[in-house]
Structure formats: structure tokens, C-alpha cells
Amino acid sequence: MLCPALRNRIVLLLTAIVVVGTFRPGRAEESFPEQIDRIIEAACRQDGITLAGPSDDAEFLRRVSLDLTGVVPTADEARAFLDSSTGDRRTKLIDRLLDRPEFALQMARVFDAMLIERRIATIPSYDVKPPRWRDWLAESFRQNKPWDQLVREMLGSDGSDEANGAAARFYLVRDVEPHLTARDIGRLMLGTDLQCAQCHDDPRIKSYRQADYYGLYAFVSRLDHFHDKESKRNFVAEKAQGDVSFTSAFTGTEGETNPRIPGGEMIADPPLEKDKEYSVKPEKGQMGVPLYSRKARLAEFLPRRETTGFSRNIANRIWAVMLGRGIVHPLDMHHPENRPSHPELLKRLAERLEQSGYDIRGLLRDIALTRTYQRSSRLSDAGEKPGVPDPSRFSVAALRPLSPEQLGWSMLQVTGRLPSRIERTTRKLHEAAQKESQEKDDADGDPDGNSVASERNKHTTEVDLSWKVHKEVYVDLRRELETLFGVFSGLPGQPDNGFQPSVDQALFLLNSEQVIKFIRESVLLDNLSHMEKADELAEELYLAVFSRRPTDEERAEVTELVKDVSDLKQRREAVRRIVWGQLLSAEFRLNH
């Protein structure tokens, strides 16, 4: 019999083997980004696919800034990165971007579009206000809240909890309609669109069964909307009773079910004494609270590594956020007939999430560090086969349209409206914080603020100040972008997929007073107009708009356009036309 100490050591060793994975000779030190690249590159070699070369620094800088912070870099940021010669500059850049306040704000926008899909409640006043929901998401990503915890809070919320009440918007924006809610839980959290299985087993996809659909539906079938007229707040109410039965529209076969996660076991309701099913009995003007909640069981049982599809789905979606396409595509069609393009890679990504405790930020960093992510969007001419590269092979970086939010915020960044507002707000809040800190030091008998505790508080204050500044500025300026977001967004309830330019979008960019105002009242325009040397003007312009330096041909073109224009007003108009044309260009409109 093993002694306890030796037994504990063996348990720890076995645990380490499970976490690290199966040992492979020569790969003990292989990083996770390297594992990703090995799988992608081996598949391309096997299929005779030529890989694109690495992106240049300008291409990488713009891409990773858009993906991790939702906005292009400023001209100064672009210049500093392009002039850097350190070998690890890309890794340092990724880490800086992940630490910035804009990262949490960008992830809030990404997951808002992913989870809400730009829906609007039938009665908007019966929903959680969108800014409150976005604040909850942003704060969650600022804390690096694990994905399973975020889903648990979202599925379990009834809107009454102050800390996580905004999470109830997942239900409320869908009018707490059980069928729509059940379908979207399957699509967005398990990667399976069971819509057709509402009426019968899906004839196209054998694994999508009507019993699976109604197993999910049973978790939410008792839910309803409750509007408190006094507080004007909205809640997700739940009844204590309600059975679920179904009939196949094809065969007439009937069935009954308790709540059941697809691939799992039914969860039986506990026996409850009659007339004592509620801890708070529902009455007029009062929301009932059942003793037993099926919704709580959903929040408990779905967001777990044991749930089929839970880890794979979010791993696939995070990959798509960074690469423009899922390993399983479409994202909500995981089934045996729609195999992953790289099964081993998807398995490893899912396992990485599970081992890290569903660390979204960590997986984004891993992907950003890969050669696959950092590949160029331009294929080399030599030896290239004719035709468009298969996007499922990830041999070349995809050309991706900017999301409405990326487009809007990048316009404000380029024109200087965003950075100048951040600078002013930082100065205002910093002065207020300094005054408050000095008053505290005086009260503590440390007027010079030299104590260790004071220095630590100053660092914390600086971090918190930056967060407050960015939250305030992005909330204020968002009002100026709402029209643009509406024009460039897809239909409510539809995922943001692909590049779908429209006449409305073209007319908006050409004629919108909003876009004209952004450029006409531009800090960038003021700076460029006062530059006497055309070469300097061209460099600043291209760094600001495209995050790169101009080619010789582009420098000559800018020089020609401003040549012999000495009057400041005329020069400003000439520069305005150049800026306007660049903001309307495909190079600006796409993430490449």
C-alpha cells in the first residue's frame, strides 16, 4: 500500500501529464502558438498549399490593433512601432494592447454583437438599457472573467442582482420568448442551430434531434417577462410548474422531456409540497420566485467542460474573431457532417481554454502570437496556383470588413477627435484625482506622499483613472456614431458575417453630414494643413490613416496635389479631399 505522501506525488504527476498533454519526443518545449502553427502548416504542406509570407510590421500593427482594441493606432504609435528594432516588438505590442482599457471595451463590443446580434426588444423599455449591459461586459473583460463564469451569470440572472443584473439582457432582449431563447442558447453557447428540430428531427443533420431541442427548451419554458411598474425595472420571472411535450410534424411521434443538455441526462424536478412551490408567491405587482428553478439548473449544468460543445464552441468563435473564419464554419453548425477544417487544432484550442480556466484573454494572446495570425494578406507570385485561396486552410490572412464599431471609432481616431477627447478628459480627471490624493495625504500626515502605501495607491489610481477616462470618452462619443453603426450593421438577429456593402453605406460615406463634420473639424486636418513640406505631410497622413509610410509613388502624388497651394484655406481644402478619399478607400475599410 502506498504511503500518503507518495500517493499525493503520483496524483500530482498524473495531473501534470493531463494538463500538459501527451508527451511527444522533441516537442517538450513547444509553446502553444507553435503547436497551432505546426498543425496549420502541416495541413497546408500535405495539400500542396503555398503559405503566404509574414506580414510586414505596418500590416501586423494595424491588424492586431483593430482586433484587440477595435481602433487603428495613432500616427505616433505607428511611427514608434515601425521605428523599433527590438526583436520581440510584436510580443510586447500584443501585451500592451491586452493591458489597455480599449481591450475590455473592444471585447464588450465583440461579445455584444455575438450574444445579442444587434437585437432590439419588441418593447425597448422592457429591456435592460444597452449601456448598462455593455458596461457589465466591459467590466467582466477588464477583470478577465472566465467564460464559464460569464455564461453562468448570464443564464442565471433574473435582473435583480445589482452586480450582474444587466446580464439578464440575454433573456430580456429576446422578450423572454422560450423558443427563441432555447434556439439561441444552442447556437451561441453550444454551436448547434436546432431551429429545424423544433418541429421534427432535422432531415439534413441526423444528430439534430427534436428531443435535444425540447430538452433545452424545458430549461426556459417556464420563464416570462416581469415589469415592475413602480421601479420601471425589468426582470426574468419563472413559474414553478410547466411540463414540456412535443409531437413530430413528420411522423406524429409524441414525447415528453425534462430539462436536458444535448448529450446529457434528464434533470428531474424535485418533489414539492402543493401550494408551497414558491419562496415568494407571485401576486399582482410582485414577481414570484420558485423554490426550485430550472433556469438555475441551466446556469449550473451548461457552462462546464463536461457539456458537449461548450468548450469547442467558444474556442471556435474566438478563433473566428482573430482569423475571420471558424475552424467549423458556419459557427453554429457543429455536427458530424460539417467537420472542422483542422480537427486536432479545434480540440487543442478547447483543451487550452479548459486548462486555463476559460481564460479568453490568454487564448487571444496565444493566437495573436502565431505565424498563422501574423501571415500577410498578400500571396507571393512565385509558384502560386491560379484561383482564390481556400479560406478554410488559413494559408493567407483574410481580408475582413471592419465592423461598424471598428469603422466608426477608427474614423474618430484618424481625424483626432478620439485622442484629443481622451487627452482633455485625462487632464480633467487627473487634476481632480491629484487634488483628492493630496487631501488624503494631508489627512494621513504625509503631505509629500512618500509612503509605500501612498505610492501603491498612486499606481492603482493611475490604472483606474485610465479606465474611467476611456469609459467616459467612449460613452460620450458613441452618441455621434449611432447613425453610422445603424447604417453599417446587419439585420437584427443575424450574425455579423462577411463584407456586404450596400448603396445606403456608400451614400452615407459620400454625403453624410456626420462624416463631413468629422473631417471638416479634424485635428488631423489642422496639423496637416500647416505642414509646409509635402514629404512630411504625406508621411504623417499615411501613418495616421493607414498606419504605414507612403510609397515613393504615393509621396509624389500627395506632392502634386498640394503643389503651388500656398493659401492656408485652399491648402486645407486640398488636404481635406485627400483625407476624405483615403477614409473611403478599400484599404481603410478592410482589416487586412
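Throughout what follows, the structure given in this document is the object of discussion. Being a predicted model, the structure only gives us computed values, none of them experimental. (Residues numbered from 1 in each chain as written. Predicted model: local features only at pLDDT ≥ 70, side-chain atom pairs only at ≥ 80, totals over all residues. Heavy atoms only, no water.)

What to know about the overall build of the chain
Per the secondary structure count, the chain includes 25 helices and eight strands. Counting over 592 residues, the chain shows a buried share of 48%. Accessible surface, the chain: about 29,600 Å² in total, of which carbon and sulfur atoms supply 53%. (Helix = DSSP H or I, 4+ residues; strand = E, 2+ residues; numbered from the N terminus. Buried < 20%, exposed > 50% of the residue type's maximum accessible area, 1.4 Å probe, protein only. Areas by Shrake-Rupley, 256 points an atom, 1.4 Å probe, with all protein chains shown as cover.)

Side note on unusual backbone geometry
Here H329 and P330 are connected by a cis peptide whose omega angle stands at 0 degrees. Along the polypeptide, P330 turns up in the loop between α13 (310-323) and α14 (343-355). If you check the backbone angles, D175 has positive phi at about 60 degrees while not being a glycine. On the secondary structure map, D175 appears in the loop between α9 (169-172) and α10 (178-190). Since its relative accessible area comes to 36%, D175 is described here as partly exposed. The backbone of S547 shows a phi angle near 60 degrees, a positive value even though the residue is not glycine. Counting through the fold element by element, S547 comes out in the loop between α22 (534-546) and α23 (552-562). The buried category is assigned to S547, whose relative accessible area is 0%.

Considering the pairing of strand β3 (residues 244-247)
Side chains V244 and F246 of β3 all project onto a buried face; the interleaved residues S245 and T247 project onto a face where none is buried. With four bridges connecting them, β3 and strand β4 (residues 254-257) associate as antiparallel partners. Within β4, the residue paired with T247 across the bridge is E254. Hairpin remark: β3 followed by β4, antiparallel, with six residues in the connecting loop; positive phi at G252, about 80 degrees. (Pairing = 2+ DSSP bridges.)

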